[in-house]
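Commentary on secondary and tertiary structure
Now for the letters of each chain:
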Amino acid sequence: MELISRYKKGLTDMLILKLLTEEDNYPYQLAQKIKECSDGKIVIREFALYPILYRMEEKGFLTSYGQKHGRMERVYFRIREAGREELQELVQVYEEVKQGIEKILYNRIGEEKTIREG
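Remember, predicted model here, so these are calculated numbers, not experimental data.

Moving on to the pattern of salt bridges. Enumeration over the complete set of coordinates arrives at four salt bridges. For Glu 23, the salt bridge is made with Lys 33, and the minimal N-O distance between the two is 2.2 Å. Of this pair, Glu 23 sits in the loop between α1 (3-22) and α2 (27-37) while Lys 33 sits in helix α2; the two residues are 10 residues apart in sequence, bridging distant segments of the chain. Glu 23 gets classed as partly exposed once you look at its relative accessible area, which sits at 40%. Residue class for Lys 33 comes out buried when judged on its relative accessible area of 18%. Note that Arg 78 is salt-bridged to Asp 24, the shortest N-O span being 2.8 Å. One end of the pair, Arg 78, is in strand β2 (residues 72-79); the other, Asp 24, is in the loop between α1 and α2, and 54 residues separate them in sequence.

On to the environment of Ile 34. By the secondary structure assignment, Ile 34 is in helix α2. A relative accessible area of 4% places Ile 34 in the buried class. Expressed as a C-alpha distance, the spacing of Ile 34 and Ile 16, which sit 18 residues apart in the sequence, is 8.1 Å. Not counting chain neighbours up to four residues away, the residues in contact with Ile 34 comprise Ile 16, Leu 19, Ile 42 and Ile 44.

Reading the values: the criteria
- Residues numbered from 1 in each chain as written.
- Predicted model: local features only at pLDDT ≥ 70, side-chain atom pairs only at ≥ 80, totals over all residues.
- Heavy atoms only, no water.
- Salt bridge = Lys/Arg side-chain N within 4 Å of Asp/Glu carboxyl O.
- Helix = DSSP H or I, 4+ residues; strand = E, 2+ residues; numbered from the N terminus.
- Buried < 20%, exposed > 50% of the residue type's maximum accessible area, 1.4 Å probe, protein only.
- Contact = heavy atoms within 4.5 Å.

Shown next, in the form of structure tokens:
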């Protein structure tokens, strides 16, 4: 898979996996943390997280478990070792794409000053 395609498909996964390295979370909690940690610049609706989380669980990156809170049961997700390895790969892809973008934006002769001032 080409680098930019892998990057675009892995952004949300990367954010979720990173937050799950800190503690187990349920989807609403993850959505709130993503919004909070990005100062509101990244918003992912809770309902949009479910298919992503279950897909990552099917791939072996996560495991889930239920926990009662009053009358409700919340589904929490926990990162597995395979998820930690996937996170490392996604961060590497992110860094490579970021470097390529920065070269295009800032390292082209005569254009750096124009873009940064513009």
